[in-house]
Amino acid sequence: MSDKFQEAFAKTRIAGSVASGALDELSKFIEPGISTNKIDNLCYEFINDNGAFSAPLFYRGFPKTCCTSANHIVCHGIPSDKILREGDIINVDVTAFKDGWHGDTSRMFYVGEVSVRAKKLVETTYEAMMKGIEVLTLNSHLGNIGEAIQNYVEKKGFSVVRDFCGHGIGEVFHKEPNVLHYGIKDVGKKLEVGMIFTIEPMINEGVYETKVLNDGWTAVTKDKKLSAQFEHTIGITNDGYEIFTASKKGLNFPPYK
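So, here is what we can say about the structure in this document. Because the structure is predicted, anything quoted here is derived from the model rather than measured.

**Overview of the overall build of the protein**
Along the backbone of the protein there are four helices and 15 strands. Taken against the 2.2 N^0.38 rule, which gives 18 Å for 257 residues, the C-alpha radius of gyration of the protein at 17 Å falls within 12% of a compact globule. Considering the protein as a whole, with its 257 residues, one finds that 56% of them fall into the buried category. Taking all contacts inside the protein whose residues are at least 6 apart in sequence as the whole, residues at least 24 apart take part in 70%. Summed over all atoms, the accessible surface of the protein reaches about 11,200 Å², with 50% contributed by carbon and sulfur. One way to put it: in the protein the 29 positive side-chain charges average out to a point 3 Å from where the 33 negative ones average out.

**Quick notes on empty space enclosed by the protein**
Within the structure shown, the criterion is met by one cavity of 30 Å³ or more. When its volume is computed, the largest cavity comes out at roughly 50 Å³. Residue lining of the largest cavity: Thr-105, Ser-106, Arg-107, Tyr-126, Met-129, Phe-230, Glu-231, His-232 and Asn-252, and that is the complete set. Elements that contribute at least two residues to the lining of the largest cavity include exactly strand S5 (101–110) and helix H3 (116–134). When residues of the lining of the largest cavity are assigned to their parent elements, the largest contribution, three residues, is made by S5. A breakdown of the residues in the lining of the largest cavity according to their chemical character gives three nonpolar, four polar and two charged.

**Some points on the pattern of salt bridges**
This structure, assessed with the given rule, holds five salt bridges. Here Lys-11 and Glu-7 are joined by a salt bridge, their closest N and O atoms 3.3 Å apart. On the criterion of helical spacing, the pair formed by Lys-11 and Glu-7 is a turn pair, its members being four residues apart in helix H1 (residues 3–26). Residue Lys-11 is classed as partly exposed on the basis of its relative accessible area, which comes to 27%. With a shortest N-O distance of 2.9 Å, Asp-24 and Arg-107 are connected by a salt bridge.

**Considerations on the sheet that holds strand S6 (residues 159–160)**
Ordered in space as S6-S10-S13, the three strands form an open sheet in which the pairing is antiparallel. Only two strands of the sheet have a single partner each, and these edge strands are S6 and strand S13 (227–229). In terms of strand pairing, S6 meets strand S10 (residues 202–204) through two bridges, oriented antiparallel. Across the sheet, residue Ser-159 finds its bridge partner in S10, namely Asn-204.

**Observations regarding the pairing of strand S14 (residues 232–237)**
The buried count for S14 comes to six of six residues, which makes it a mostly enclosed element. Along S14, one buried face is formed by His-232, Ile-234 and Ile-236 and the opposite face, lined by Thr-233, Gly-235 and Thr-237, is buried too. When strand S9 (residues 196–199) meets S14, the two strands line up antiparallel, connected through four bridges. Bridge pairing in S14 links Thr-198 to Thr-233. Linking S14 back to strand S15 (residues 240–243) in an antiparallel pair, the connection comprises two residues.

**Here's the deal with the nonpolar core**
Counting 55 residues, the largest nonpolar core has Val-92 and Ile-199 as its most contacted members. Contributions of two or more residues to this core are made by H1, helix H2 (36–49), strand S4 (89–98), S5, H3, helix H4 (142–155), S9 and S14. When residues of this core are assigned to their parent elements, the largest contribution, eight residues, is made by H3. Leaving out residues up to four positions away in the same chain, Ile-199 has contacts with Met-129, Gly-132, Ile-133, Leu-136, Ile-145, Ile-149, Val-179, His-181, Phe-230, Glu-231, His-232 and Ile-234. Residues Ala-8, Ala-55, Ile-169 and Phe-173 belong to the second largest nonpolar core, which totals eight residues.

What counts, and at which threshold
- Residue numbers run consecutively from 1 along every chain, following the written order of its sequence.
- Local features in this predicted model are restricted to residues whose pLDDT is 70 or higher, and side-chain atom pairs enter the listing and the counts only when it is 80 or higher, whereas totals over whole chains, interfaces and linings include all residues.
- Excluded from the side-chain calculation are hydrogens and water; included are all heavy atoms of the structure.
- Numbering of helices and strands runs from the N terminus; a helix is a DSSP stretch of H or I covering at least four residues, while a strand is a stretch of E covering at least two.
- The globule rule is 2.2 Å times the number of residues to the power 0.38, and the radius of gyration it is compared with is taken over C-alpha atoms.
- Partly exposed describes any residue whose relative accessible area lies between the buried limit of under 20% and the exposed limit of over 50%, with all areas from a 1.4 Å probe on protein chains only and scaled to the type maximum.
- Contact between two residues is taken to exist if any of their heavy atoms lie within 4.5 Å; hydrogens are not considered.
- Accessibility throughout is a Shrake-Rupley quantity obtained with a 1.4 Å probe, and a residue counts as covered only by protein chains that appear here.
- We score Asp and Glu as negative and Lys and Arg as positive, and we do not count His or the chain ends.
- The atom standing in for a charge is NZ when the residue is Lys, CZ when it is Arg, CG when it is Asp and CD when it is Glu.
- In the cavity and pocket records, a cavity denotes points on a 1 Å grid over the protein atoms alone where a 1.4 Å probe fits but cannot get out, a pocket denotes an open set with protein on both sides within 12 Å along at least 5 of 7 lines, and lining residues are residues with an atom within 4 Å of a point.
- Grid points are joined across faces, edges and corners, and a volume is the space filled by probe spheres set on the points.
- Amino acid classes used here: Ala, Val, Leu, Ile, Met, Phe, Trp, Tyr, Cys and Pro are nonpolar; Asp, Glu, Lys and Arg are charged; the rest, including Gly, are polar.
- Note on definitions: salt bridges are taken to be side-chain nitrogens of Lys or Arg within 4 Å of carboxyl oxygens of Asp or Glu.
- Criterion used throughout: strands pair if DSSP finds at least two bridges between them.
- Put simply, buried Ala, Val, Leu, Ile, Met, Phe, Trp, Tyr and Cys residues joined by side-chain atoms within 4.5 Å make one nonpolar core.

Honestly, it's all geometry; don't read function into it.
In structure tokens, the structure reads:
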């Protein structure tokens, strides 16, 4: 791997560690009675205490540090005074910007005891993301990621959101390539050493269709059924891949306590 790619990986590794560390920290606090604003404040403090900045804050007008997407919110939920209740599930999406590079990750959290159906959805979503990651090999195609995720999810009786996708990331928050979470094997751009992008499948309990609310950000399921998401930032290496945003505490999947 060239010196250029080694530097990019080293800096993404640091930014990714801050982002995943923020989610590790949240695992101590997410329980019934917490507000999504409190979650946002905790993220803000952790990111700043680690010498980084929140990439979403003021990005295209987004008003908060992180995205908090509970229950039927698919993605880009805006933190507010909303109080989380027993049985809720919530995705928290954090992107740290440090030394000119980004690390982007999201994780699901259970709020107290959740339903069997919600657990199955969250488990399937995590496993689908990992299926998408595990097919990453040099010179394979982007379509292999989507094919692996879609096949796994649909066999479990859930659906893959089509309206949002993963993305290239580095010194720029969002860039090419788009990484679809559905697709056909051996189709699309070939993977090359040094590529850095996110894999972040959004999986719905019911139909895959979504709609964006009047705030211009919050995407929800059209049928108001549950949605779940996990996200990692990944780099392509000579030997396969590196996950830059894995939890250093092993808190990759709920429950975290």
